[in-house]
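# Per-entry structural report
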Amino acid sequence: SLAIAYFVACAFVALNLVVDFVQRYVQRRTGRSFSARLRWQGARVVHLGALLMFVGIAGSSGFEVQKQVATKMDEILAPKPVATKVATKPVLERVV
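Model, not experiment: these values are computed from the prediction.

For the rest of this paragraph, the subject is the overall build of the protein. Within the protein, the secondary structure is distributed over two helices and zero strands. The buried share of the protein, taken over its 96 residues, is 9%. For the protein, the computed accessible surface area is about 9500 Å², with 64% contributed by carbon and sulfur atoms.

Okay, the pattern of salt bridges next. Taken as a whole, this structure holds one salt bridge when the rule is applied. Asp20 is paired through a salt bridge with Arg44; the nearest N and O atoms lie 3.3 Å apart. Residue Asp20 is located in helix α1 (residues 2-26), and its partner Arg44 is located in helix α2 (residues 34-60); the two are separated by 24 residues in the primary sequence. On the basis of relative accessible area, Asp20 is assigned to the buried category, the value being 18%. Residue classification places Arg44 among the buried positions, given a relative accessible area of 17%.

Right, let's talk about the packing of aromatic side chains for a bit. Any aromatic ring pair is given by two values, namely how distant the centres are and how the planes are angled relative to each other. Applying the stated rule across the entire model yields two aromatic pairs. On the numbers, 5.4 Å between centres and 55° between planes, the contact of Tyr6 with Phe54 is tilted. Pair noted here: Tyr6 is in helix α1 and Phe54 is in helix α2, with a separation of 48 residues, a long-range link. Judged by its relative accessible area of 24%, Tyr6 falls in the partly exposed class. Ring geometry for Phe21 and Trp40: centres 5.2 Å apart, planes at 80°, overall edge-to-face. Note that Phe21 is positioned in helix α1 and Trp40 in helix α2, a separation of 19 residues in sequence. Classification of Trp40 as buried rests on a relative accessible area of 15%.

Phi is positive for Asp74, which is not a glycine, with a value near 65°. With respect to the helices and strands, the residue Asp74 is situated in the segment after α2. Exposure remark for Asp74: the relative accessible area of 74% places this residue in the exposed category.

About the cut-offs
- Residues numbered from 1 in each chain as written.
- Predicted model: local features only at pLDDT ≥ 70, side-chain atom pairs only at ≥ 80, totals over all residues.
- Heavy atoms only, no water.
- Helix = DSSP H or I, 4+ residues; strand = E, 2+ residues; numbered from the N terminus.
- Buried < 20%, exposed > 50% of the residue type's maximum accessible area, 1.4 Å probe, protein only.
- Areas by Shrake-Rupley, 256 points an atom, 1.4 Å probe, with all protein chains shown as cover.
- Salt bridge = Lys/Arg side-chain N within 4 Å of Asp/Glu carboxyl O.
- Phe/Tyr/Trp six-rings, centres within 6.5 Å; stacked < 30°, edge-to-face > 60°.

The following block contains the structure:
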């Protein structure tokens, strides 16, 4: 399914980000200017945001339900109601 492909791509990007951070940590004293470091950090933030977006897309596709049904001519199908259960606590009245 498409969700599996998304998760594989996300795992690849996450692994790449971790390796990049480890390499930067090991090579801390590179003598780069502040703007170069800031640009690198901004690029990592953008990649992390894209990674989270794709994880969200892949995770939300698990809630999608599709069903193919054969119908007769002029037959109308209505979706079945979804049973939901809401936990409620009893409301205690305060006596003054």
